[in-house]
Amino acid sequence: MRKKGLTRRDFLRLAAVSPLAGAFLSGPYSKSQSSKSKVVLIRDKNALEAFKNPDQEVIQKMLDDAVTTLLDVQDPVNAWKTLVKPSDVVGIKSNVWHYIPTPAEVEKAIKKRVMDAGVPEKNIGIDDRGVKRNPVFEKATVLINARPGRTHHWSGMGSCIKNYIMFTPRASAWHGDSCADLGKIWKEYNLREKTKLNILVMLTPLFHGIGPHHYSRKYVWEYRGLVVGKDPVAVDSTGVRILQAKRKQYFGEEKPLQPPPKHIFLADTRHHLGVSDPQRIDLIKLGWKEGILI
Amino acid sequence: MCQSHENKESQLQDLLPSRINGWKAQGEGEFYGPESIFDYIDGAGEVYRAYNFKKLLARKYSQKGQPHIHADVFDMGESRNAFGVFTHDLEGKKMGLGQGSTYKGGLLSFWKGRFFVSLYAEEMTEKATKTLKDLGSIVDSRILHPGKKPSIVLRFPQQNLIDQKIHYFYNHLILNYHFFLADKNILILDENTDAALGKYRQDGQKYILLIVHYPSVQKTSRAHQNFLDSYMFESKEKALIQTGEGKWTAIQKMKDSWLVLIFEAPSSSVVEQTMKAVKNKLP
């Protein structure tokens, strides 16, 4: 009789869902579900005025183009009106990590469109570590999730899924098994339905981390992109593919993310939060193609 | 605050100078313990907790027109923990500091005695790089007592070992960081065990050697059986199995208190020769 638990061999048999296959193991795709998740990858050569200094106008246009394409509504304000209504209270969940935070330009672009859709400014909050004490977030009926994509020392990837760890009473309680069950947070704290949009900021991603701070300027590159979608798992899965491709390009060989970002795969297979299999992601690429990597 | 805490903090502070090459310390620095470390370094704090660290002193140095330098000095309590946390990331150029050191991408790390030291410059200017080395030399000279490396690292055959890198640990979360084995602690690793992992390459194919030393025969047997039940349930007798992608996994109990495990070996003969080589190195 076999003891229960999840082993490497189980992943070999069941879990080899690319892009995590590259990050983790190899094998066939999961075919358990049939619906596709739509994700927009948009890049603009002029997205940065200087390193880590985005151009506000270009960012606004990138966000508008991504959202109108994602929602298939021509006008950006009308597109945002399908996400939020004037009576909503909107929390924009950002990320303040010192080395690569959610850029103020991205926060501002989101806020502008939420206001254009009729939500009064007093009912919009932007926060990260203070979300549990923020009155706007306490009353929020809608969440917009925006964070930088990067490698992460303990979860493999700093992902949109992981960005919600701050809604829990004790973040470190979710660190077990390389943060395997972060997807559960979304259901347990009633965040899944409230979240209308996920934006993985890939303007200057970190593709490899070192030392206690998991950062070196050497491993940051100017990808100048945003990955946008309603499904956080599909957005993160696309982000993993970009980071993996960059690592392969830089190191000259397959160098899987360490530890493997299995929380993204498990958010799909264990917690049914979304889709991680690229074959089930309808990826639309807009804008600048040079160095796109995927 | 009790006196031993104060002593530990003062010992850490004594290791760092207040000025170096024009950089000036911004105050005395901040102290963090196992519960507060996440206030400072996010998820990576789990690594230091897994090695039972006691106290961290984080001090920032500044100089006009130059990048900030962050000095993080960890009191790991015991030298095996300082060595272990150093082996967590062995990438980089050796620098001849402490009892083992690396430098890469503006980060200089070394271990000596019960201390692990990480010095990081936010940008890699020529002056900052030199200052990291100078600062490292000062801290090295102020740590008076070297420590002992865990002897388990001597049990690894050198032939085919990639870059001579061996990761030492006793926590299954760290094992999973280097090589995901199972979500449960199926090898029953804890503070009373010693474990180490090396990556090998033969004919272009990589494989993993994991050695664990247990404090008792009973615990060794329990871990052995646990692994067979969890990981090799269909091949318990042979303790050797060919997994889905044609690679070989094997486990052997040796000299009562050792478990030797090989993963992803390209052939059963590689398993056989590696097991033999380890056996010859056991005390």
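Colleague: I'm lost on the sheet that holds strand β11 (residues 205-213) of chain B in this one. Help?
Modeller: Within a beta sheet, neighbouring strands are joined by backbone hydrogen bonds and run either parallel or antiparallel to one another. All names here are of chain B. Overall, antiparallel pairing links the 6 strands, which are arranged β9-β10-β11-β14-β13-β12 in an open sheet. In this open sheet, the two edge strands, each paired with only one partner strand, are β9 (161-169) and β12 (240-242). Adjacent strand axes in the sheet meet at a mean angle of 15 degrees when their direction is disregarded. Here 9 bridges tie strand β10 (residues 194-202) to β11, and the two strands are oriented antiparallel to one another. Counterpart to L197 in the pairing with β11 is L210. In the packing of helix α7 (residues 217-231) onto the sheet, the strands contacted are β13 (248-254) and β14 (258-265), and the crossing angle to β13 comes to about 160 degrees.

Colleague: Sorry if this is basic, but what is going on with unusual backbone geometry here?
Modeller: Peptide bonds are mostly trans, and most non-glycine residues show a negative phi. All names here are of chain A. A cis amide bond, omega -5 degrees, links Q258 with the succeeding residue P259. Of note in this structure, K52 is not a glycine but carries a positive phi near 60 degrees. Secondary-structure assignment places K52 in the loop between β2 (48-50) and β3 (53-54). Here S178, not a glycine, exhibits a phi torsion of approximately 55 degrees, which is positive. Mapped onto the fold, S178 is located in helix α7 (residues 176-179).

Colleague: I would appreciate a short explanation of the interface of chain B and chain A in the present structure.
Modeller: A common way to report how large an interface is uses the accessible area buried once the components associate. Each partner contributes residues to the interface: chain B has 31 residues there, and chain A has 33 residues. Breaking the side of chain B that touches chain A down by element, the ones donating at least two residues are α2 (38-41), β7 (107-112), β8 (115-121), α6 (172-178) and α7 of chain B. At 3 residues, α7(B) tops the list of elements feeding residues into the side of chain B that touches chain A. For the side of chain B that touches chain A, the residue count by class is 12 nonpolar, 9 polar and 10 charged.

Colleague: Hey, could you run me through the packing of helix α9 (residues 232-251) of chain A against helix α10 (residues 262-269) of chain A in this one?
Modeller: Packed helices, taken two at a time, are described by the angle between their axes plus the distance between the axes. Residues and elements named next belong to chain A. Taken N-terminus to C-terminus, the directions of α9 and α10 make an angle of 150 degrees; their axes are 10 Å apart at the nearest point. As for the relative orientation of α9 and α10, their crossing is left-handed in sense. Packed against α9, whose contacting residues are V233, D236, S237 and V240, the element α10 presents I264, A267 and D268 at the interface. Partitioned by chemical class, the residues of the contact of α9 with α10 number 4 nonpolar, 1 polar and 2 charged.

Colleague: What's the story with the confidence of the model for chain B in this structure? I'm lost.
Modeller: In low-pLDDT segments, the atomic positions of the prediction should not be examined closely. For chain B, per-residue confidence averages 94 on the pLDDT scale, and residues scoring 70 or more make up 98% of the total. Confidence metrics for the complex model read pTM 0.90 and ipTM 0.87.

Colleague: What's the story with helix α8 (residues 268-281) of chain B in this structure? I'm lost.
Modeller: The periodicity of an α-helix, 3.6 residues per turn, causes residues three or four positions apart to be oriented the same way. Residues and elements named next belong to chain B. Along its 14 residues, α8 runs 20 Å from first to last C-alpha, staying within 8% of the 20 Å computed at 1.5 Å per residue. Buried within α8 are the following residues: V270, T274 and M275. Taken end-on, α8 shows its buried residues confined to a sector of 130 degrees, consistent with a single buried face. Residues of α8 that are exposed and angled more than 90 degrees away from the buried face: S269, K276 and N280.

Each value, and the rule that gives it
- Residues numbered from 1 in each chain as written.
- Chains lettered and ligands numbered in written order.
- Predicted model: local features only at pLDDT ≥ 70, side-chain atom pairs only at ≥ 80, totals over all residues.
- Pairing = 2+ DSSP bridges.
- Helix = DSSP H or I, 4+ residues; strand = E, 2+ residues; numbered from the N terminus.
- Axes fitted to C-alpha atoms, helices over the stretch in contact; angles between N-to-C directions.
- Contact = placed C-beta atoms within 7 Å.
- Nonpolar A, V, L, I, M, F, W, Y, C, P; charged D, E, K, R; others polar.
- Left-handed = near helix turned anticlockwise from the far one by under 90°.
- pLDDT = per-residue confidence, 0-100.
- Expected span 1.5 Å × (residues − 1).
- Buried ≥ 20, exposed ≤ 12 C-beta atoms within 10 Å, placed from the backbone.
- Arc of directions from axis to C-beta.

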